[in-house]
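# Per-entry structural report
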Amino acid sequence: MMNEANDISCEEALTRVFAYLDRDLDERARGEMERHLHRCRGCFSRTEFERRLKAQLRDTGRIDAPAALQTRIGQVLRRF
Amino acid sequence: MMSQRAMLQRANASRADEEPARAFFEREIGQLLDSLYGAALRLCRDRADAEDLVAEVAAKAWSALGELKDRRSFRGWIFRILANTYYSVCRHRRASPETPLDLDEEGGDEAPFSLFEHLHQPFLLWWGNPEQEFLNTLLRRDLEQAIDALPEAFRVTVVLAELEGFTYPEIAAMLGVPVGTVRSRLSRGRACLQKALWEQALAAGLVDDSMPAATVAGDGGK
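These numbers come from a predicted model, not from an experiment.

### Notes on the overall build of chain B
Regarding its fold elements, chain B presents 11 helices and zero strands. Each of the 222 residues in chain B was classed as buried or not, and the buried ones make up 45%. For chain B, long-range pairs separated by at least 24 residues make up 67% of all intrachain contacts whose partners lie at least 6 apart in sequence. Total accessible area on chain B is roughly 11700 Å²; 53% of this is exposed by carbon and sulfur atoms.

### Some points on unusual backbone geometry
Within the chain, Arg23 of chain A stands out as a residue other than glycine whose phi angle is a positive 55 degrees. Here Arg23 of chain A falls in the exposed class, since its relative accessible area comes to 62%. Non-glycine residue Arg45 of chain B carries a positive phi angle of around 65 degrees. Locating Arg45 of chain B in the fold gives a position in the loop between α2 (21-44) and α3 (47-63). A residue is classified by how much of its surface remains accessible, and Arg45 of chain B, at 44% relative accessible area, is partly exposed.

### Observations concerning the pattern of salt bridges
Side chains that differ in charge, positive against negative, can pair when their charged atoms come close. Residues and elements named next belong to chain B. Under the defined criterion, the tally for this structure stands at 22 salt bridges over all chains. For Glu28, the salt bridge is made with Arg27, and the minimal N-O distance between the two is 3.1 Å. Given the relative accessible area of 33%, Arg27 is considered partly exposed. Glu152 is the partner of Arg155 in a salt bridge, and the nearest nitrogen-oxygen pair spans 3.6 Å.

### Observations concerning the interface of chain B and chain A
Each partner contributes residues to the interface: chain B has 41 residues there, and chain A has 32 residues. When residues of chain B are sorted by the area they lose upon contact with chain A, Phe116, Leu135 and Glu162 of chain B head the list and together hold 17% of the total. Applying the counting criterion to the chain B and chain A interface returns five salt bridges. When the shortest N-O distance is used, the salt bridge between Arg72 of chain A and Asp52 of chain B registers 2.8 Å. At the boundary of chain B and chain A, one finds 16 residue pairs in polar contact (both at pLDDT 80 or more).

### Points about the packing of α2 of chain B against helix α8 (residues 152-163) of chain B
To describe two helices that pack against each other, one gives the angle between their axes and the distance between the axes. Residues and elements named next belong to chain B. At a minimum axis separation of 10 Å, α2 and α8 run at an interaxial angle of 155 degrees. On the basis of their axis angle, the class for α2 and α8 is roughly antiparallel. Crossing handedness for the pair α2 and α8: right-handed. Of α8, the residues touching α2 (which contributes Ala39, Arg42 and Leu43) are Arg155, Val156, Val159 and Leu163.

### Some remarks on the nonpolar core
The biggest cluster of nonpolar side chains holds 76 residues, and the ones touching the most others in it are Phe74, Trp77, Ile78, Phe79, Leu82, Leu115 and Leu197 of chain B. For this core, the element with the most residues is α2 of chain B, which contributes 12 residues. Once residues within four sequence positions are removed from consideration, Leu197 of chain B is found in contact with Leu53 of chain A together with Leu115, Phe134, Leu138, Asp142, Leu143 and Ala146 of chain B. The next biggest cluster of nonpolar side chains, apart from the first, holds 12 residues, and it includes Ala13, Val17, Leu21 and Cys40 of chain A.

What counts as what
- Residues numbered from 1 in each chain as written.
- Chains lettered and ligands numbered in written order.
- Predicted model: local features only at pLDDT ≥ 70, side-chain atom pairs only at ≥ 80, totals over all residues.
- Heavy atoms only, no water.
- Helix = DSSP H or I, 4+ residues; strand = E, 2+ residues; numbered from the N terminus.
- Buried < 20%, exposed > 50% of the residue type's maximum accessible area, 1.4 Å probe, protein only.
- Contact = heavy atoms within 4.5 Å.
- Areas by Shrake-Rupley, 256 points an atom, 1.4 Å probe, with all protein chains shown as cover.
- Salt bridge = Lys/Arg side-chain N within 4 Å of Asp/Glu carboxyl O.
- Buried area = accessible area lost by both parts, 1.4 Å probe.
- Polar contact = N/O pair within 3.5 Å; in protein donor to acceptor, adjacent residues only side chain to side chain.
- Axes fitted to C-alpha atoms, helices over the stretch in contact; angles between N-to-C directions.
- Parallel < 35°, antiparallel > 145°, perpendicular 65-115°, else oblique.
- Left-handed = near helix turned anticlockwise from the far one by under 90°.
- Core = buried A, V, L, I, M, F, W, Y, C linked by side-chain atoms within 4.5 Å.

Here is the structure:
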């Protein structure tokens, strides 16, 4: 049974979305957030949207370094 | 009892400490090169500059490797060198008035922008699931352009947090700023980035914020 006393409001949950996704919440705050997301479809959708956007942003950092750069670094290391 | 995974990690760590410096460095830099280049490209916004930056970072890191106390923290250490080297390059270029890089940390009076909330305006709900549709149409190039348009300090923080997944305390240590400053820059950087994505979508005709709600309501009732 849900403990209403421990539930946070949607307003509070929305202030915690990024801290939650960035693992910046302490254990208690994370637990409160997870309970809220379990019962609130709106905040769950919002959190999932931000999670997917973060994943797409992370993918922009995945790029092959040019072969010329690898050669150049190899040359730098050999000089020392 | 120690798990197999923990034992393996300890064995690897122990082996890393004993490994000759050159072999260790070449392996680590080889594994991180794509990641360093990806971050450098978003910081410099230019392929040649990004290559120069990473080559300089590799040279600096190699010559300073003796200062690295714990080899397991190599990744954070080399990204710290990347951020610092990037900033020193920027400072060098800052003589040009066209490249204002300083950020007014206290000037965050703009309203926080939420892409999700904009996508949930009533006239867009005919899409059914507008935020999913939006993400499905989002291209890598759109995201790169939005990151590239961020002010300097926001861009550095967004790159370290979003592209590289460093924690707020790790970023604070890298940049030599309080954790609260990292939170603030990241929050404002995300708002700027989401606003840029929204504006790009408007410009591309993917969303239309002038659509009258009444027109949409008719479609939505089907």
